[in-house]
Amino acid sequence: MASVAAWLPFARAAAIGWVPIANKPLPAPPITKEHRKREDEKFIINVSGRKFETWRNTVEKYPDTLLGSNEREFFYDEDCKEYFFDRDPDIFRHILNYYRTGKLHYPKHECLMSYDEELAFFGIIPDVIGDCCYEDYRDRKRENAERLMDDRLSEANEADNMPHANIRERMWRAFENPHTSTAALVFYYVTGFFIAVSVFANVCETLPCSTNDATGEKMSCGETYKAAFFCLDTACVMIFTAEYLLRLYAAPDRCKYTRSVMSVIDVVAIMPYYIGLGIKDNDDVSGAFVTLRVFRVFR
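Reading guide: rules and limits
Residues numbered from 1 in each chain as written. Predicted model: local features only at pLDDT ≥ 70, side-chain atom pairs only at ≥ 80, totals over all residues. Heavy atoms only, no water. Helix = DSSP H or I, 4+ residues; strand = E, 2+ residues; numbered from the N terminus. Buried < 20%, exposed > 50% of the residue type's maximum accessible area, 1.4 Å probe, protein only. Contact = heavy atoms within 4.5 Å. Areas by Shrake-Rupley, 256 points an atom, 1.4 Å probe, with all protein chains shown as cover. Disulfide = S-S within 2.5 Å. Pairing = 2+ DSSP bridges. Axes fitted to C-alpha atoms, helices over the stretch in contact; angles between N-to-C directions. Salt bridge = Lys/Arg side-chain N within 4 Å of Asp/Glu carboxyl O. Phe/Tyr/Trp six-rings, centres within 6.5 Å; stacked < 30°, edge-to-face > 60°. Lys NZ or Arg CZ within 6 Å of the ring centre and 35° of its normal. Core = buried A, V, L, I, M, F, W, Y, C linked by side-chain atoms within 4.5 Å.

Peer 1: Please give an account of the overall build of the protein chain that cites residues and values.
Peer 2: Counting secondary structure elements, the protein chain contains 13 helices and 6 strands. The buried share of the protein chain, taken over its 299 residues, is 28%. For the protein chain, the proportion of contacts with a sequence separation of at least 24, taken over those separated by at least 6, is 56%. As displayed, the protein chain offers around 20600 Å² of accessible surface, 60% of which is attributable to carbon and sulfur atoms.

If you want it as structure tokens, here you go:
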């Protein structure tokens, strides 16, 4: 017992690091449960309704990307406890495989531009595409660039040939494609504005606005402000008539245009105004034709 008591101070000193008691290094500190839980936590990603699951440390291996950085917290849904991305789930499957395996593959059946957009959104550069797919990706990239160049050249040639076209052809092209010129675009928005105004006025005409002092009956806004609605309707019809006549003049085949559905709708939307001017005395007949103005909605 005396010998044990003599060595006890040295044992205590060794325990606090004063005297080494072993030549071998100490074992690694044990991994706590909280640390293991944080690294092994499941990472749930909802991409347009399709859910993907992986480990958190899988995506954190690439901190320069969206999923591997703290920027992903902007997409975290507190209620569902998941990250939501309104992106393409089919392409995201290949992106998630990149995080898992470190190899990015290019799906041949996917659109090249959509694939590049998804990579750019998640912060992945196309240079990491694997050797097995890089040749296909580069070929598709070159073909797409050539196609876009051909489209630009064809548009430029079409624009160069525009001055040689007669006025009817240029007018018809402007009606069919308003983005060809500023004037066509302005005319397109002006007609659209008057269509909306006309439909809104037709609705407001039927709403009750006042009461007839003599009979006590409720009067609609169309009856109360008859002159104002008539002037507004006249302005709209003048615009619609001018548009229809211009389209009829510029149409390559006028007979075919007059038989088209849009031409019939234009005529049905315009004619009630002119018919109503001629038969004002007959309220029943004129009212029936005025009802046809609802076809302006289909313009």
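From this point, the narrative continues.
Peer 1: Pulling in residues and values, what's your account of the state of the cysteines?
Peer 2: Going through the model one piece at a time under the given rule, you end up with 1 disulfide. Here Cys 209 pairs with Cys 221 through a disulfide, and the sulfurs are 1.5 Å apart. Because the sign of the S-S torsion sets the handedness, a value of about 50° for the bond joining Cys 209 and Cys 221 places this disulfide among the right-handed ones. Pair noted here: Cys 209 is in strand S5 (residues 208-211) and Cys 221 is in helix H9 (residues 221-224), with a separation of 12 residues, a long-range link.

Peer 1: Hey, could you go over the sheet that holds strand S2 (residues 50-55) for me, with residue numbers and the actual values?
Peer 2: As summarised here, the arrangement of the 4 strands in space is S2-S1-S4-S3, forming an open sheet in which the pairing is mixed. Each edge of the sheet is formed by a strand with only one pairing partner; in this case those strands are S2 and strand S3 (76-77). Inspection of the sheet shows S3 paired to strand S4 (residues 82-85) by 2 bridges, in the antiparallel sense. For Asp 77, the partnering residue across the bridge sits in S4 and is Glu 82. Strands strand S1 (42-47) and S2 of the sheet are contacted by helix H4 (residues 89-101), whose axis makes an angle of about 0° with S2.

Peer 1: Summarise the pattern of salt bridges; cite the residues concerned and give the values.
Peer 2: This model, assessed by the stated rule, comprises 14 salt bridges. Its salt-bridge partner being Asp 90, residue Arg 50 comes within 3.1 Å of it at the nearest N-O pair. Of this pair, Arg 50 sits in strand S2 while Asp 90 sits in helix H4, and the two are 40 residues apart along the sequence. With a shortest N-O distance of 3.2 Å, Asp 139 and Arg 142 are connected by a salt bridge. Here Asp 139 pairs with Arg 142, and both are found in helix H6 (residues 131-161), just 3 residues apart, close to one helical turn. A relative accessible area of 25% places Asp 139 in the partly exposed class. A single network of salt bridges, built from pairs that share partners, joins Glu 60, Arg 72 and Glu 73.

Peer 1: Run through the environment of Leu 207, naming residues and quoting values.
Peer 2: Along the polypeptide, Leu 207 turns up in the loop between helix H8 (182-205) and S5. The exposure class of Leu 207 is partly exposed, given its relative accessible area of 42%.

Peer 1: Which residues make up the packing of aromatic side chains, and what values do they have?
Peer 2: Inspection of the entire model under this criterion finds 22 aromatic pairs. A centroid spacing of 5.7 Å and a plane angle of 80° characterise the contact between Tyr 62 and Tyr 99, whose relative ring orientation is edge-to-face. Of the two residues, Tyr 62 is situated in the loop between helix H3 (56-59) and S3 and Tyr 99 in helix H4; the sequence distance between them amounts to 37 residues. Between Phe 230 and Tyr 273, the ring centres sit 6.1 Å apart and the planes meet at 25°, which makes this aromatic pair stacked. Note that Phe 230 is positioned in helix H10 (residues 226-250) and Tyr 273 in helix H12 (residues 261-278), a separation of 43 residues in sequence. A relative accessible area of 38% means that Phe 230 is categorised as partly exposed. One aromatic cluster is present, built from ring pairs that chain together Phe 52, Phe 75, Phe 85, Phe 92, Phe 121 and Phe 122. The aromatic ring of Phe 121 is capped on one face by Arg 87, whose charged end is 4.1 Å from the ring centroid. The residue whose ring lies beneath Arg 168 is Tyr 249, and the NZ or CZ to ring-centre distance is 5.9 Å.

Peer 1: Hey, could you go over the nonpolar core for me, with residue numbers and the actual values?
Peer 2: Counting 25 residues, the largest nonpolar core has Leu 67, Phe 92, Ile 95, Tyr 115, Phe 122 and Ile 124 as the members making the most contacts within it. At the level of elements, S1, S4, H4, helix H5 (112-121) and H6 are the ones that each hand at least two residues to this core. In this structure Tyr 115 touches Ile 91, Leu 104, His 105, Tyr 106, Pro 107, Ile 129 and Tyr 137, once residues within four positions along its chain are discounted. With 9 residues, the next largest nonpolar core counts Ile 195, Tyr 244, Tyr 257 and Ile 270 among its residues.

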